[in-house]
Amino acid sequence: MTDLAAQPGVIPYVDNHDGPRRLLTVELRPFPSSSVPYAPIVSIDGRQFVVSWGAVTFEIPADRNVHVSAHLHTNYGSQAAATPFASIVLAPHPEPVRLTAQFTGSGGSMFPVG
């Protein structure tokens, strides 16, 4: 485990990577459909994490591209349903990055903030 992953609340990078790492914070805003309970899911390089609403921090590689996506999932009612994905590819960079993910009934978006 790296020093970054040892910080409280940081989800460690779980795939094989021996290079430098940085912090990624994803801000997940609740889906406006209040009648259906959705669970937010963030994927880092294809590995899915069920997370909570608000800011979630991950450790990611700093020396290569990293694919980040998010979607909302529910088992409410008679079948499972998911929202469209919000996705971005982060270029190599040594500094921490913060993203916001937003969802609507017709799609999702993910973009850097700050």
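Residues numbered from 1 in each chain as written. Predicted model: local features only at pLDDT ≥ 70, side-chain atom pairs only at ≥ 80, totals over all residues. Heavy atoms only, no water.

Q: Talk me through the side chain of histidine 17; I want residue IDs and the actual numbers.
A: Structurally, histidine 17 can be placed in the loop between β1 (10–11) and β2 (21–28). Its relative accessible area of 11% is what places histidine 17 among the buried residues. Within the structure, histidine 17 has its side chain in polar contact with the backbone nitrogen of glycine 19 (distance 3.4 Å). When sequence neighbours within four positions are dropped, the list of residues in contact with histidine 17 reads Pro61, Asp63 and Arg64. (Helix = DSSP H or I, 4+ residues; strand = E, 2+ residues; numbered from the N terminus. Buried < 20%, exposed > 50% of the residue type's maximum accessible area, 1.4 Å probe, protein only. Polar contact = N/O pair within 3.5 Å; in protein donor to acceptor, adjacent residues only side chain to side chain. Contact = heavy atoms within 4.5 Å.)

Q: Please set out the pattern of salt bridges residue by residue, giving values where relevant.
A: In total, this model carries 4 salt bridges according to the counting rule given. Between aspartate 15 and arginine 47 there is a salt bridge, with the nearest N and O atoms lying 2.5 Å from each other. Of this pair, aspartate 15 sits in the loop between β1 and β2 while arginine 47 is found in strand β4 (residues 47–50), placing the two residues 32 residues apart along the sequence. Judged by its relative accessible area of 22%, aspartate 15 falls in the partly exposed class. Ionic pairing is found between aspartate 45 and arginine 64, a salt bridge with its closest N-O pair at 3.0 Å. (Salt bridge = Lys/Arg side-chain N within 4 Å of Asp/Glu carboxyl O.)

Q: So what's going on with empty space enclosed by the protein? Residues and values would help.
A: Applying the stated criterion across every chain, the model contains 1 cavity of 30 Å³ or more. By volume, the largest cavity is sized at about 50 Å³. Of all the elements in the fold, those that place two or more residues in the lining of the largest cavity are β4 and β5 (54–61). By residue number, the principal contributor to the lining of the largest cavity is β5, which donates 3 residues. (1 Å grid on protein atoms, 1.4 Å probe; cavity = no way out; pocket = protein on both sides within 12 Å on 5 of 7 lines; lining within 4 Å. Points joined across faces, edges and corners; volume = space filled by probe spheres on them.)

Q: A description of the nonpolar core should follow, citing residues and the corresponding values.
A: Ranked by size, the top nonpolar core spans 24 residues in total, and within it Leu24, Leu28, Val42, Ile44, Phe58 and Val68 carry the most contacts. For isoleucine 44, the contacting residues outside a window of four places in its chain are Tyr13, Leu24, Phe49, Phe58, Ile60, Val66, His67 and Val68. (Core = buried A, V, L, I, M, F, W, Y, C linked by side-chain atoms within 4.5 Å.)

Q: Break down the pairing of β4 for me, citing the residues and quoting the values.
A: With 4 bridges connecting them, strand β3 (residues 39–44) and β4 associate as antiparallel partners. Across the sheet, the residue bridging to isoleucine 44 is arginine 47, located in β4. The hairpin formed by β3 and β4 contains 2 residues between the paired strands, and aspartate 45 there has a positive phi angle of roughly 50 degrees. (Pairing = 2+ DSSP bridges.)

Q: I'd like to hear about unusual backbone geometry, residue by residue, with values.
A: For aspartate 45, which is not a glycine, the phi torsion comes out positive at approximately 50 degrees. If you trace the backbone, aspartate 45 turns up in the loop between β3 and β4.

Q: Explain the side chain of threonine 25 to me, using residue names and the numbers behind them.
A: Residue position: threonine 25 is located in strand β2. Judged by its relative accessible area of 12%, threonine 25 is buried. If we ignore the near neighbours within four places in the chain, the residues touching threonine 25 are Ala55, Val56, Thr57, Val97, Arg98 and Leu99.

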